[in-house]
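# A look at the structure
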Amino acid sequence: MVPLLRTNDMVLISFVEALLADAGIAHFVLDGNMSVVEGSLGILARRLMVEEEDLESARRILREAGLGHELGADTAPAAGGAGK
């Protein structure tokens, strides 16, 4: 799996999860339980992961939903396909 987006906005994560589920794109949220470590401050970003073959479709869905600005450079695959 590869990262689609990284955020600590739980509302955004829920919305994106709903968009992906409606499109039939499998996804998984990593670091969702880090609040135990951080003391529930919400400072550690969660990563929403998708299968690599679904990445472009998932990005398109987010752009169409007006969330293209949430696709930060830190979630883009590295040049040469390294980022797997």
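Throughout what follows, the structure given in this document is the object of discussion. Note that this is a predicted model, so its numbers are computed, not measured.

## Some details on the nonpolar core
By size, the foremost hydrophobic cluster in this structure holds 17 residues, and its most contacted members are Leu4, Leu5, Val16, Leu20, Leu48, Val50 and Leu62. Taken together, the elements giving at least two residues each to this core come down to strand E1 (2-7), helix H1 (10-22), strand E3 (46-50) and helix H3 (55-64).

## Some details on the sheet that holds E1
Strand order in the open sheet made by the three strands is E1-E3-E2, with antiparallel pairing throughout. One side of each edge strand has no neighbouring strand; the edge strands of this open sheet are E1 and strand E2 (27-30). Put simply, the sheet's adjacent strands are angled 25 degrees from each other on average, direction ignored. Across four bridges, the pairing between E2 and E3 is antiparallel. Note that in E3 the partner of Val29 across the bridge is Leu48. Packing of H1 onto the sheet brings it into contact with E1, E2 and E3, and relative to E3 it is tilted by some 10 degrees.

## As for the pairing of E3
Of all five residues in E3, four are buried; the element is thus mostly enclosed. Pairing between E1 and E3: five bridges, direction antiparallel. Bridge pairing in E3 links Arg6 to Arg47.

Reading the values: the criteria
Residues numbered from 1 in each chain as written. Predicted model: local features only at pLDDT ≥ 70, side-chain atom pairs only at ≥ 80, totals over all residues. Heavy atoms only, no water. Core = buried A, V, L, I, M, F, W, Y, C linked by side-chain atoms within 4.5 Å. Buried < 20%, exposed > 50% of the residue type's maximum accessible area, 1.4 Å probe, protein only. Helix = DSSP H or I, 4+ residues; strand = E, 2+ residues; numbered from the N terminus. Pairing = 2+ DSSP bridges. Axes fitted to C-alpha atoms, helices over the stretch in contact; angles between N-to-C directions. Contact = heavy atoms within 4.5 Å.

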